[in-house]
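Fold and contact review
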Amino acid sequence: MKNLIRKSVATCTLLSILALLPISCGIVCTDSCGCGPQFEVKDFNILSFETLSLTKPGQRVNPTTPLPYDQIFKAFRILDVQTLSSLNENVTGSIPGVAYACSPVTPKSAQQMTGIQLLNSKEVSLGDGTVLKVGQDITDFFEVNYFFAEQTLPFTSFFKQPLTVYREDLFKLGWKSNPKKEVILEFSIRIFMTGGKEFNLNNEVLSIRE
């Protein structure tokens, strides 16, 4: 009788331990990430960007309305993308196109951003007498950063290495120094990506003043 009781207790204890183990598809879970839901993650190719004229707090404004040069930015973000097929993804030791619950699951661009160039489209004069000619590279008059970063940075600092781009990223371009007068800038933006890919945003306007 005592042996039967001991066997019953041992059996119940074993079943209790097994019930606490994570089980997936009929096998014991040994993945360090756990065996929760799996999410399909598909990166993308960028098809186009769009621009916005935004104040420092993020309010959208008419680009022809002159505002203090340090309070207005030409912002840009991804507009259209093409999702990559999971058949093209091949990660060693994992199922293509699938990430476990504890893995990063944010889709990203297949190409990285490597630089930006700004080209002047209309001749204008600054308050100090500087004349910006048509076709002139005016990149050095601007700085760049993510929109919600407090400060802008020189392009060389921002693009120390190719930049991974995510769907929700919002970037800003800001005029560096006091123009000493009201100036309406007209220019184009060239965005360079790895693999020789390039995007051209033409007829951009930024209106600034002291």
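Provided above is the structure to which this section pertains.
Since we're looking at a predicted model, the values are computed, not measured.

Brief notes about the overall build of the protein
Helix and strand content of the protein: 2 helices and 14 strands. For the protein, the proportion of its 210 residues judged to be buried stands at 33%. In the protein, the proportion of contacts linking residues at least 24 apart, taken out of those at least 6 apart, comes to 67%. With the model as given, the accessible surface of the protein reaches about 12,600 Å², and the carbon-plus-sulfur share is 54%.

Quick notes on the sheet that holds strand β11 (residues 142-146)
Within the open sheet, the 4 strands sit side by side as β4-β6-β12-β11. Their pairing is antiparallel. Lying at the two open borders of the sheet, with one neighbouring strand each, are β4 (44-55) and β11. Each strand of the sheet is rotated relative to its neighbour by a mean of 25°, with strand direction disregarded. Where strand β6 (residues 72-83) and strand β12 (residues 170-175) come together, 4 bridges link them in antiparallel fashion.

Things to note about the environment of T83
By secondary structure assignment, the location of T83 is in strand β6. On a C-alpha basis, the gap between T83 and D43 in space is 6.1 Å, while along the polypeptide they are 40 residues apart. If near-sequence neighbours (up to four positions away) are discounted, T83 is found in contact with K42, D43 and F44.

A short note on the pairing of β6
In this sheet, β6 lies alongside β4 in antiparallel orientation, the contact comprising 11 bridges. Looking across to β6, one finds that E50 is bridged to R77.

Some points on the sheet that holds strand β13 (residues 183-193)
A sheet is described by the order of its strands in space; here 4 strands give the open sequence β5-β14-β13-β8, paired in mixed fashion. Edge positions in the sheet fall to β5 (67-68) and β8 (113-120), since each of these pairs with one other strand and no more.

With respect to unusual backbone geometry
Of all residues except glycine, most have a negative phi; of all peptide bonds, most are trans. A positive phi angle, close to 70°, is found at K180, a residue other than glycine. Structurally, the position occupied by K180 is in the loop between β12 and β13. Positive phi values are uncommon outside glycine, yet N203 reaches one of about 60°. Tracing the sequence through the fold places N203 in strand β14 (residues 198-209).

Cut-offs and rules
Residues numbered from 1 in each chain as written. Predicted model: local features only at pLDDT ≥ 70, side-chain atom pairs only at ≥ 80, totals over all residues. Heavy atoms only, no water. Helix = DSSP H or I, 4+ residues; strand = E, 2+ residues; numbered from the N terminus. Buried < 20%, exposed > 50% of the residue type's maximum accessible area, 1.4 Å probe, protein only. Contact = heavy atoms within 4.5 Å. Areas by Shrake-Rupley, 256 points an atom, 1.4 Å probe, with all protein chains shown as cover. Pairing = 2+ DSSP bridges. Axes fitted to C-alpha atoms, helices over the stretch in contact; angles between N-to-C directions.

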